[in-house]
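Results of the structural survey
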Amino acid sequence: MWILHDINTRDMYIYNLMELIDITGLTKESLLKYIYKKAGNHSAIIKDIEYCYYNQIENKNHKLLLQDLFGLICVGKLDGELHVQRYNSILKQWYQPRKIIDRYLSSAIQNGTILNNIFYYLVIDNSCPKNVQLNLASFNLLTEQNTVLRSSEQLLRCSAMCASQKFLYLCGGQRKDGSVSNQVVRFNPRKNSFKMLTQMPTKRYNATAIFDEGYLYVIGGRNKSAELVDAVEMYDAGTKKWSKLAPLNPPRVGFGVSVLDNNLYIAGGLKYSKGQRKYCRSVKVYNPLSER
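Computed from a predicted model, the values in this text were never measured in an experiment. (Residues numbered from 1 in each chain as written. Predicted model: local features only at pLDDT ≥ 70, side-chain atom pairs only at ≥ 80, totals over all residues. Heavy atoms only, no water.)

A count of helical and extended segments in the protein chain gives three helices and 22 strands. In the protein chain, buried positions account for 47% of the 292 residues. Contacts in the protein chain between residues at least 24 apart in sequence constitute 42% of all its contacts with a sequence separation of at least 6. By element, 47% of the accessible surface of the protein chain is carried by carbon and sulfur atoms, the whole surface being about 15900 Å². (Helix = DSSP H or I, 4+ residues; strand = E, 2+ residues; numbered from the N terminus. Buried < 20%, exposed > 50% of the residue type's maximum accessible area, 1.4 Å probe, protein only. Contact = heavy atoms within 4.5 Å. Areas by Shrake-Rupley, 256 points an atom, 1.4 Å probe, with all protein chains shown as cover.)

Here it is in structure tokens:
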């Protein structure tokens, strides 16, 4: 019964525990609500809104908003240092920010994603100006341990990044010479190894990617001329083939994407209209089965 009475341990490991539970007719969200209701509103979760640092991030390019099974993860700079913060969607409250302590605090995060309570991110190591490297690193949200996993020529700047239940996917990006790639790399965290997959049809960087139900979607981005790309492409992990979906209208970058009831929802982002940079207010809904 530790889950009801050991507050700190519950709040630390509840997410991992829920991922192991599969009860017919009972959703994980319902079980979580029951646990917190049974335990009472005694939680280590911080309620004070002062810990929500969205408006305090020094560089908007360092800000990431990610989603895991039970809530949101915000990554950004607080008082000049890199932090991660979890939002519990069941209690509708924020946890206290956790500082990522490593030698990359002054470096730029390229992209990131969440897999099994671990925040994986691409970061440029500027510690040696003569040999600037792009590294794949991880921050364990439970143990708060930071680890540099790999530095490889297969890692490209501004590549799209997402996760399935087992793997990370890095799509496209820019090489050191400025050329743009259409490569797709799958990273296995357990083996700390890369595998090159079938190249996507369109070369691009700054795209957005999401994995759902065995399909990898890569949306938007920029081409070698830095022009916005309207390509929406889907990779079938089973057949290992790519399909083109209806183009993104208007073309955009920096948008949010999610999947609900087998539909892709693309919200916000940055577009260009008559040479002027503007923010999108529209939400584009894709049905992959009909938009071939």
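Moving on, there is more to tell.
Its place among the elements puts Thr208 in strand β14 (residues 208–212). Exposure remark for Thr208: the relative accessible area of 14% places this residue in the buried category. With residues near it in sequence (within four places) discarded, Thr208 still touches Ala160, Tyr217, Val218, Ile219, Phe255 and Val257.

A few words on the pairing of strand β13 (residues 193–196). As defined by bridge partners, strand β12 (residues 180–188) adjoins β13 across four bridges and the pair is classed as antiparallel. Looking at β13, one finds that Asn188 is bridged to Ser193. (Pairing = 2+ DSSP bridges.)

In the segment running from Asn249 into Pro250, the intervening peptide bond is cis, with an omega of 0°. Its place among the elements puts Pro250 in the loop between β17 (241–244) and β18 (256–260). Even without being a glycine, Cys158 presents a positive backbone phi close to 60°. By secondary structure assignment, the location of Cys158 is in the loop between β9 (146–151) and β10 (160–163). Cys158 sits in the buried class, given a relative accessible area of 18%. Even without a glycine there, the phi angle at Lys240 is positive, about 60°.

Quick look at the state of the cysteines now. On inspection of all chains with the given rule, the structure shows zero disulfides. Note on Cys162: no disulfide assigned, nearest cysteine sulfur contributed by Cys171 at a separation of 5.6 Å. Here Cys162 falls in the buried class, since its relative accessible area comes to 4%. (Disulfide = S-S within 2.5 Å.)

Across the protein chain, the average pLDDT comes to 76, with 67% of residues at 70 or higher. The secondary-structure element of the protein chain with the lowest mean pLDDT is helix α1 (residues 2–5), recorded at 48, while β12 shows the highest, at 96. Note on residues 41–62: pLDDT under 50 across the span, and 61 contacts to partners over four residues away in sequence or across chains. (pLDDT = per-residue confidence, 0-100.)

What follows is about the pairing of strand β11 (residues 168–174). Along β11, six of the seven residues are buried, which leaves the element largely enclosed by surrounding structure. Relative to β11, β10 runs antiparallel, the two sharing four bridges. Residue pairing in the sheet places Ala163 in a bridge with Leu168 of β11. If you look at the hairpin formed by β10 and β11, you'll find four residues sitting between the two strands. The pairing of β11 with β12 spans six bridges and is antiparallel. Across the sheet, the residue bridging to Leu168 is Phe187, located in β12.

What follows is about the sheet that holds β18. Taken in spatial order, the three strands of this open sheet run β18-β19-β22, and their pairing is antiparallel. A single partner strand is all that each edge strand has here, and the edge strands are β18 and β22 (283–286). For this sheet the average axis-to-axis angle between neighbouring strands, irrespective of direction, equals 20°. Pairing of β18 with strand β19 (residues 263–267), which is carried by five bridges, proceeds in the antiparallel orientation. Bridging across to β19, Leu260 finds its partner in Asn263. (Axes fitted to C-alpha atoms, helices over the stretch in contact; angles between N-to-C directions.)

Moving on to the side chain of Asn182. Within the secondary structure, Asn182 is located in strand β12. Accessibility expressed as a relative area gives 10% for Asn182, which makes it buried. Here Met200 takes part through its backbone oxygen, which lies 3.0 Å from a polar atom of the side chain of Asn182. Setting aside anything within four residues of it in sequence, one finds Asn182 in contact with Gln199, Met200, Pro201, Thr202 and Lys203. (Polar contact = N/O pair within 3.5 Å; in protein donor to acceptor, adjacent residues only side chain to side chain.)

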